[in-house]
Amino acid sequence: MSVQSRLDEYYDVVIIGAGPVGGYLGWSMRKLGHSVLIIEEHSEIGRPFQCAGLVNPGAMERVPMEDTVLTPIWGARINSPNGTTVDIGSPERVRTWSVCRKKFDEGVVRLAVESGANIILNSKPTNIVIEDNFAELSVDVNGTIMQVRCALVCGCDGAHSWVRREMKMGRPKEMMIGYQVEVTGYNGSEGQLDMFTGNDIAPGFFAWAIPSGETTRIGMWSRADLLSGKSCEMLVDNLMNSSIWKSRFEHCNIIGRFGGPVPSGLLKYPLGERVALFGDASGACKPTTGGGIGTGFDQVDLLAPKLSAYMNNDTLGKEKMKALVKNLEPLRKKLNRARALRDAFLTEASDEELERVFMVWSRPEVTKIINESGEIDNPIPLGIRLLKEVPEFRSLATKAASAIIWS
Ligand SMILES: Cc1cc2nc3c(=O)[nH]c(=O)nc-3n(C[C@H](O)[C@H](O)[C@H](O)COP(=O)(O)OP(=O)(O)OC[C@H]3O[C@@H](n4cnc5c(N)ncnc54)[C@H](O)[C@@H]3O)c2cc1C
């Protein structure tokens, strides 16, 4: 990958952040014929690592990154607070991919650079000035401040986005916290991930054990207001030492610890005059799984062609950019609906209520429905089937539990 140490005076697009979404956006903008500069504050791509490493098929189809796969995941063992397990999926059909996230991020950013984007590492913006005909960035490049002009600044700079804060673009609706350990010796099942629920291990959300080649990633996520003063680390310890599950963890050796925020709830206006936010910077993580790569790619696909046309016509003013937000409405609606389902089914359910849902799920005819209609990218058909065909789920109204599993 060719890394620059000097800047041209002008680029069509300057992207802050060389994560997967910044890389995918850079590649997309190059394919649309624009000059691109990517600015990354770290000295390497894909570090620090803060991810369970699941990339769903919809995202994988868009980038040729199959060689970063550590384990194809075809199924899940979903575990209730008291130990009822529901097995879903079958080996014939891969539902999601567990990848090496460093290699994945590097690979996506390489696509941008090999298609002609410039990249500088160890660099970050210190100021943005929006003028009528261009935006001007001051950039700290290895300690030297340089100026660069562009038509459009794109903030792909993650959950704590500097661009979002600098341009006062608001805050994502929810900021969850994720924490995980990487272990050897987990007693799992090949090709299946484990999901654990219960107030003692992941209040309002869930914990996971995800096979990742030679190792397993064990983690949980929740919201600060639900943690009752406990740290995520304590909750992962609770899981690994719980009387119900400890036999799965007794030979585990922890080789790494990671944590980070999961911003969810698209900003009202992720687009402003000559500025656009994508991915975590805009609050694009799925409320049901915390996955942010797929929705970040979706945003790029929805907006890049329009932004390209606006650049070509030099119409990146405030009103036009605000109007462009309507292109994100279907995605926003989908994410909001998923959050409502998650709240009703999981986040606001007591352990006793969850236990009752698991009893229904574990019935063979219901598990069969989940297997037939569960889709990672579109949980709605399964939700509708469950509501129609399982009498108990009618009383659970629109809780459509399936959204939690494969959305
Ligand atoms: C514990 C945990 C598990 C997760 N598991 C999954 C999962 O299994 N699947 C999934 O899809 N998602 C998962 N996520 C979410 C996922 O990691 C993010 O949604 C995804 O990384 C978002 O990509 P991004 O490119 O928007 O931002 P990031 O990956 O955060 O990349 C932002 C980049 O910008 C750089 N940057 C930041 N600020 C600046 C600055 N001022 N100047 C220059 N560069 C800057 C950063 O160094 C980084 O390289 C998980 C998150 C957590 C915390």
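One numbering rule holds for all chains: residues counted from 1, following each sequence as written. A pLDDT threshold of at least 70 governs which residues receive local features in this predicted model, and a stricter bar of 80 or more applies before side-chain atom pairs are shown or counted, although totals over entire chains, interfaces and linings include all residues.

Some points on the site of the ligand
For clarity, the cut-off: Only the C-beta atom matters for this test: placed from the backbone, it must lie within 6 Å of a molecule or strand for the residue to be near it. Helix numbering and strand numbering both begin at the N terminus, where a helix is a DSSP run of H or I of at least 4 residues and a strand a DSSP run of E of at least 2. Ten residue types, Ala, Val, Leu, Ile, Met, Phe, Trp, Tyr, Cys and Pro, are classed as nonpolar, four, Asp, Glu, Lys and Arg, as charged, and the remainder, Gly among them, as polar. The domain limits used here are those given by an automatic or database domain assignment.
Close to the ligand lie 37 residues, the nearest being Gly17, Gly19, Gly178, Gly279 and Gly292. Breaking the shell around the ligand down by element, the ones donating at least two residues are α1 (20-31), β9 (123-130), β12 (174-184), β16 (253-264) and α7 (293-313). Looking at the shell around the ligand, its residues break down into 15 nonpolar, 17 polar and 5 charged. Among the domains, domain 1 (10-48 + 102-172 + 265-316) and domain 2 (69-99 + 177-262) are the pair contributing at least three residues each to the shell around the ligand.

A few points about the sheet that holds β12
What counts, and what does not: Only strands that DSSP links by at least two bridges are regarded as paired with each other. Where helices are involved, their axes are fitted lines through C-alpha atoms of the stretch in contact, as for all axes, and angles between N-to-C directions lie from 0 to 180°.
Taken in spatial order, the 7 strands of this open sheet run β6-β5-β13-β14-β15-β12-β16, and their pairing is mixed. Each edge of the open sheet carries a strand with a single partner, namely β6 (85-89) and β16. Pairwise comparison of adjacent strand axes, ignoring direction, gives a mean angle of 20° for this sheet. Both strand β13 (residues 192-196) and strand β14 (residues 207-212) contribute to a ladder of 3 bridges, which runs antiparallel. By the bridge assignment, Phe196 is partnered in β14 with Ala207.

Things to note about α7
Condition: To estimate how far a helix should reach, multiply one less than its number of residues by 1.5 Å. Bend at a residue means the angle formed by two fitted axes: the first through the 7 residues ending at that position, the second through the 7 residues beginning there.
The terminal C-alpha atoms of α7 lie 30 Å apart, and with 21 residues this matches the ideal 30 Å at 1.5 Å per residue to within 8%. Its maximal kink placed at Leu303, α7 deviates by approximately 35°, while the proline Pro305 follows within four residues. Positive backbone phi, at 50°, marks Asp314, one or two positions downstream of α7.

Points about the nonpolar core
Quick note on the threshold: The nonpolar core is taken to be a set of buried Ala, Val, Leu, Ile, Met, Phe, Trp, Tyr and Cys residues joined by way of C-beta atoms within 7 Å. The exposure scheme places C-beta atoms from the backbone and then counts, for each residue, the other C-beta atoms within 10 Å of its own, assigning buried at 20 or more, exposed at 12 or fewer, and partly exposed in between. Note on contacts: residues are paired as contacts if their backbone-placed C-beta atoms lie within 7 Å.
In this structure, Val13, Val14, Leu25, Leu152, Cys154 and Met220 are the most contacted members of the largest nonpolar core, which totals 115 residues. Here the element with the most residues in this core is α7; it accounts for 8 residues. With residues near it in sequence (within four places) discarded, Leu25 still touches Ile15, Cys154, Cys156, Phe278, Val300 and Ala304.

Description of the packing of α1 against α7
Here is the rule we go by: Note on angle classes: values under 35 degrees are labelled roughly parallel, values over 145 roughly antiparallel, values of 65 to 115 roughly perpendicular, and the remainder oblique. By the definition used in this description, the sense in which the near helix is turned from the far one sets the handedness, with an anticlockwise turn below a right angle giving left-handed and a clockwise turn giving right-handed.
Put simply, α1 and α7 touch, their axes get as near as 9 Å, and they point 25° apart. One element, α1, and the other, α7, form an angle in the roughly parallel class. Here α1 and α7 pass one another in a crossing that is right-handed. Here Pro20, Val21, Tyr24, Leu25, Ser28 and Met29 of α1 come into contact with α7, specifically with Ile293, Gly296, Phe297, Val300 and Ala304.

Focus on the packing of α1 against helix α3 (residues 101-114)
Between α1 and α3, whose axes approach to 7 Å, the crossing angle comes to 20°. Overall, the two elements α1 and α3 adopt an arrangement that is roughly parallel. Like other packed secondary-structure pairs, α1 and α3 cross with a definite hand, here left-handed. Contacts between α1 and α3 involve Pro20, Gly23, Tyr24, Gly26, Trp27 and Arg30 on the former and, on the latter, Phe104, Asp105, Val108, Val109, Leu111 and Ala112. Residue composition of the contact of α1 with α3, by class: 8 nonpolar, 2 polar and 2 charged.

Observations concerning the domain arrangement of the chain
When the parts come together, some accessible area is lost, and that loss is often what is quoted as the size of the interface. We note that the domain assignment places domain 1 (10-48 + 102-172 + 265-316), domain 2 (69-99 + 177-262) and domain 3 (339-406) within the chain. Between domain 2 and domain 3, the contact holds 17 residues from the first and 16 residues from the second. Put simply, the parts of the chain that give the side of domain 2 that touches domain 3 at least two residues each are β5 (75-79) and β6. Examining the composition of the side of domain 2 that touches domain 3, we find that 3 residues originate from one element, β6, more than from any other. By residue class, the composition of the side of domain 2 that touches domain 3 is 6 nonpolar, 10 polar and 1 charged.

Digging into the confidence of the model for the chain
To keep things clear, this is the line we draw: You can read pLDDT as the predictor saying how much it trusts each residue, on a scale of 0 to 100.
Averaged over the chain, the pLDDT score is 90; the fraction of residues at 70 or greater is 93%. Taken as a whole, residues 402-407 scores under 50 in pLDDT and shows 32 contacts with residues more than four places along the chain or in a different chain.

Focus on the pairing of strand β15 (residues 215-223)
Of all the 9 residues making up β15, 8 are buried; the element is thus mostly covered by neighbouring parts of the structure. Here β12 pairs with β15 via 8 bridges, running antiparallel. Paired with Val183 across the strands is Thr216, a residue of β15. Bridging between β14 and β15 involves 6 bridges; their strand directions are antiparallel. Residue pairing for β15: Ala209 is matched across the bridge by Ile218. Linking two consecutive strands that pair antiparallel, namely β14 and β15, is a turn of 2 residues; a positive phi of about 70° is found at Gly213 within it.

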